[in-house]
Amino acid sequence: MKTTVVIPNYNGRNYLQDCLTSLLEGSEVPAIIVVDNGSVDESAAMVKERFPMVKLIALPENRGFSAAVNIGIHETGTEYVFLLNNDTVVLKDTIEELEAAMERHPKAFSVAAKMLQMKNPELIDSAGDFYCALGWAFARGKDRKTEAFSKETSVFSACAGAALYRKAVFNEIGDFDENHFAYLEDIDVGYRAKIYGYRNYYAPASVVLHAGSGSSGSRHNKFKVDLSSRNSIYLIYKNMPVLQVLLNLPFLLLGYLVKILFFQKKGLGADYMKGLGKGFRLAFSGKGREHKVKFSMKHFGNYVVIQLQLWANMFRRLWW
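Calculation notes
Just so you know, the residues in each chain are numbered from 1, in the order the chain's sequence is written. Local features in this predicted model are restricted to residues whose pLDDT is 70 or higher, and side-chain atom pairs enter the listing and the counts only when it is 80 or higher, whereas totals over whole chains, interfaces and linings include all residues. The side-chain quantities take in all heavy atoms of the structure and omit both hydrogens and water. Here, axes are lines fitted to C-alpha atoms. For helices the fit covers the stretch in contact, and angles between N-to-C directions go from 0 to 180 degrees. Only DSSP runs of H or I covering at least 4 residues are called helices, and only runs of E covering at least 2 are called strands; the numbering of each starts at the N terminus. Angle categories are assigned with fixed cut-offs, so that under 35 degrees is roughly parallel, over 145 is roughly antiparallel, 65 to 115 is roughly perpendicular, and the rest are oblique. Should any heavy atoms of two residues lie within 4.5 Å, those residues are considered in contact. For this scheme, ten residues count as nonpolar: Ala, Val, Leu, Ile, Met, Phe, Trp, Tyr, Cys and Pro. Four count as charged, namely Asp, Glu, Lys and Arg, and the remainder, Gly too, count as polar. Each residue is placed in one exposure class: buried if its accessible area under a 1.4 Å probe, protein chains only, is under 20% of its type's maximum, exposed if it is over 50%, and partly exposed if it falls in between. Patch definition: residues above 30% relative accessible area lacking any salt bridge, with like charges linked at up to 9 Å and the nonpolar side chains Val, Leu, Ile, Met, Phe, Trp and Tyr linked at up to 5 Å. Using a 1.4 Å probe, accessible areas were evaluated by the Shrake-Rupley method; residue-level cover was limited to the displayed protein chains. Here a salt bridge means any side-chain nitrogen of Lys or Arg lying within 4 Å of a carboxyl oxygen belonging to Asp or Glu. The definition of a nonpolar core used throughout is a set of buried Ala, Val, Leu, Ile, Met, Phe, Trp, Tyr and Cys residues joined through side-chain atoms within 4.5 Å. Each residue after the first adds 1.5 Å to the expected span of a helix. Within this analysis, the arc is defined by the directions that extend from the helix axis to the C-beta atoms. In this scheme the crossing of two helices becomes right-handed for a clockwise turn of the near helix relative to the far one and left-handed for an anticlockwise turn of less than a right angle.

A.B. asks: Please clarify how the packing of helix H7 (residues 222–239) against helix H8 (residues 242–265) should be interpreted in this entry.
C.D. replies: Describing two packed helices takes the angle between their axes plus the distance from one axis to the other. H8 packs onto H7 with a crossing angle of 175 degrees between their chain directions and a minimal axis gap of 12 Å. Judged by the angle between their axes, H7 and H8 are roughly antiparallel. Where H7 abuts H8, its residues Val225, Ser232, Ile233, Ile236 and Asn239 lie against Gln244, Val245, Leu252, Tyr256 and Phe263. Grouping the amino acids of the contact of H7 with H8 by side-chain chemistry returns 7 nonpolar, 3 polar and no charged.

Right under this line is the structure:
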């Protein structure tokens, strides 16, 4: 096999043992790396004691998802890297199926696994991710029956909770952006890959069960809403040239208005708005400008394709 598994972990002891056991029983991977983000629940000690064959990198503090996976990716020596959330169970031959899909698509940057809800495995958690001109990222197939998503297809980006990446492409497009800390970093890196002419796919024969919110606690909470709204602004700033922002501005304004109203109803409107403000400050800060993707005419055709997908994905959102 050509794949190293990288698992970022933060206080995931309740899930991590089952995750590692499923990996070791289901595939013969060359190496597994757990990058612990300063957990205080003895996660790292459990890995060291019960899984001595797993390489453990213990960080002294929580540096976020992006930093953890970057450290793990840099430690790998294989052609592919499988990024995996700690709150997952990997079914047999999943990594083999992901590798086969990657081999079928030479221009693929990433291949997403079929992620099923652990408590309701007949329902999809994610069948790849989409991003649209409203400024919304969304999991394809969320809460729908798994049978409807049994075809291999291209997606906007892979959910990094269970996805295979072609390691060499990172040398061209850059690592996961650590400014994100967590949330939307996988949309961002998939977006960047598309600007450079690569594609992202979904492989339904690879199956992972996902508990969801294993570290943050729930689908909507102050931490997630604040970071996600911040990163949504930063994502647009980073990847869209000015003219593309202006082209999408009516849709973006509508999308953010809907989101404000949505989170206001959930009692999180102030957190969402605060996050938006942080996003603008990050985008126009020195460290934000440093990571902006520079426009190049050689990528113009890729920008056109992406723009058509952004529009099409607004309608896909109504379906998925």
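A.B. asks: Looking at this model, I keep getting lost on the environment of Leu98. Mind explaining?
C.D. replies: As for its placement among the helices and strands, Leu98 is situated in helix H4 (residues 94–104). You can call Leu98 buried: its relative accessible area is 0%. Taking the C-alpha atoms as reference, Leu98 lies 8.9 Å from Tyr202; in sequence the two are 104 residues apart. With near-sequence residues (within four places) excluded, Leu98 lies in contact with Phe82, Val111, Ala112, Ala113, Leu164, Ala203 and Ser206.

A.B. asks: Is there a simple way to explain a nonpolar patch on the surface in this structure?
C.D. replies: A contiguous nonpolar surface patch, about 530 Å² in accessible area, is contributed by Val242, Leu243, Leu246, Leu249 and Leu253. Residue classification places Leu246 among the exposed positions, given a relative accessible area of 53%.

A.B. asks: Is there a simple way to think about the nonpolar core in this case?
C.D. replies: General note: in soluble globular proteins, nonpolar side chains tend to be found buried as a group. Tyr131, Phe156, Tyr191, Tyr256 and Leu310 are the most contacted members of the largest nonpolar core, which totals 36 residues. Listed by contribution, the elements that provide at least two residues to this core are strand E8 (129–131), helix H6 (185–195), strand E12 (199–210), H7, H8, helix H9 (269–283) and helix H11 (300–319). When sequence neighbours within four positions are dropped, the list of residues in contact with Leu310 reads Tyr131, Cys132, Ala133, Phe156, Tyr191, Met240, Gln244 and Asn248. Of all hydrophobic cores here, the second largest spans 31 residues; its members include Val34, Val47, Val90 and Met102.

A.B. asks: Help me out: how do you make sense of H9 in this one?
C.D. replies: Think of an α-helix as 3.6 residues a turn; residues three or four steps apart then line up on the same face. Counted at 1.5 Å a residue, the expected span for H9 with its 15 residues is 21 Å, and the 21 Å between its end C-alpha atoms agrees. Among the residues of H9, those classed as buried are Gly269, Asp271, Tyr272, Gly275, Leu276, Gly279, Leu282 and Ala283. Taken around the axis of H9, the buried residues stretch over an arc of 160 degrees, which confines them to a single face. Opposite the packed face of H9, turned more than 90 degrees from it, sit the exposed residues Ala270 and Arg281.

A.B. asks: Would you take a moment to explain the packing of H6 against H7 for this structure?
C.D. replies: Packing of H6 against H7 leaves a shortest axis separation of 11 Å and a crossing angle of 15 degrees. Our classification of the angle between H6 and H7 gives roughly parallel. Crossing of H6 over H7 shows right-handed handedness. Facing Ile187, Asp188, Tyr191, Arg192 and Ile195 of H6, the residues of H7 in contact are Leu235, Lys238 and Asn239. Along the lines of polarity and charge, the residues of the contact of H6 with H7 split into 4 nonpolar, 1 polar and 3 charged.

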